[in-house]
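Remarks on the overall topology
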Amino acid sequence: MRQGKADKSAYVRACGDVRAEICISLIKHGTILMYGRVLLEKDYITNIPDFPQKGIIFRDVTSLLQSGKGFSTAVDKMLGQLDDVEFDAVLGLEARGFLFGAPIAYARKKSFVPVRKKGKLPRATVSAEYDLEYGKAEIEIHTDSLKKGDKVVIIDDLIATG
């Protein structure tokens, strides 16, 4: 786990090329305080070529989730990355971030903030648009999900495509 100040581009350089890993970041006031990668058990990840479109390799984690040993090992590795890290909330990006972020928030007795696709949350939201390999997307959270100064761990969805 690296620590120290970094900007958002450092996060992209550190985690943007992740293939069979999940990226964990701690962010406060828009500054990356630390980031780390957790290698998932490759034996449990299934590669699906040409999904969702030709030229994309989809990294399917359902095989990992179907294995009690594989899933618990992945979550335990993520929790280990957060030993001695102070944080207030876990953000999980739809949908894999929900699967891995919720057990981390639960284990550390922290709040869990779902980051949803635009239009899926019922109350007032803030949103951000980003580029995909095959288009654009927009995500949002409820405006009351976090307080100013909260330290947030993000469980990212970067293993989805290759």
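Residues numbered from 1 in each chain as written. Predicted model: local features only at pLDDT ≥ 70, side-chain atom pairs only at ≥ 80, totals over all residues. Heavy atoms only, no water.

Below, the discussion takes up the nonpolar core. Counting 16 residues, the largest nonpolar core has Leu82, Phe87, Val90, Phe100, Ile104 and Ile155 as the members making the most contacts within it. Of all elements in the fold, only α3 (68–81), α4 (96–108) and β10 (152–155) reach the threshold of two or more residues within this core. Per-element accounting of this core gives the leading share, four residues, to α3. Of all hydrophobic cores here, the second largest spans nine residues; its members include Val113, Val115, Ile141 and Ile154. (Core = buried A, V, L, I, M, F, W, Y, C linked by side-chain atoms within 4.5 Å. Buried < 20%, exposed > 50% of the residue type's maximum accessible area, 1.4 Å probe, protein only. Helix = DSSP H or I, 4+ residues; strand = E, 2+ residues; numbered from the N terminus.)

Its 13 residues give α4 an end-to-end C-alpha distance of 19 Å, which sits within 8% of 18 Å, the value for a rise of 1.5 Å per residue. Burial in α4 covers these residues: Arg96, Gly97, Phe100, Gly101, Ile104 and Ala105. Among the residues trailing α4, Lys109 stands out with phi positive, at a value near 55 degrees. (Expected span 1.5 Å × (residues − 1).)

We now examine the packing of α3 against α4. Contact geometry for α3 and α4: axes closest at 10 Å, N-to-C directions at 60 degrees. In terms of axis orientation, α3 runs oblique to α4. Taken as a pair, α3 and α4 cross one another with a handedness that is right-handed. Listed contacts from α4 to Phe71, Ala74, Val75, Met78 and Leu79 of α3 are Leu99, Phe100, Pro103, Ile104, Ala107 and Arg108. Classifying every residue of the contact of α3 with α4 by side-chain character gives 10 nonpolar, no polar and one charged. (Axes fitted to C-alpha atoms, helices over the stretch in contact; angles between N-to-C directions. Parallel < 35°, antiparallel > 145°, perpendicular 65-115°, else oblique. Left-handed = near helix turned anticlockwise from the far one by under 90°. Contact = heavy atoms within 4.5 Å. Nonpolar A, V, L, I, M, F, W, Y, C, P; charged D, E, K, R; others polar.)

Before going further, it helps to spend a moment on the pattern of salt bridges. The tally for this structure, following the rule as stated, stands at six salt bridges. Here Asp144 and Arg123 are joined by a salt bridge, their closest N and O atoms 2.9 Å apart. Note that Asp144 is positioned in the loop between β9 (135–142) and β10 and Arg123 in the loop between β7 (111–117) and β8 (125–132), a separation of 21 residues in sequence. Residue Arg123 is classed as partly exposed on the basis of its relative accessible area of 47%. One salt-bridge network, in which partners are shared between bridges, spans Lys118, Glu138 and Glu140. (Salt bridge = Lys/Arg side-chain N within 4 Å of Asp/Glu carboxyl O.)

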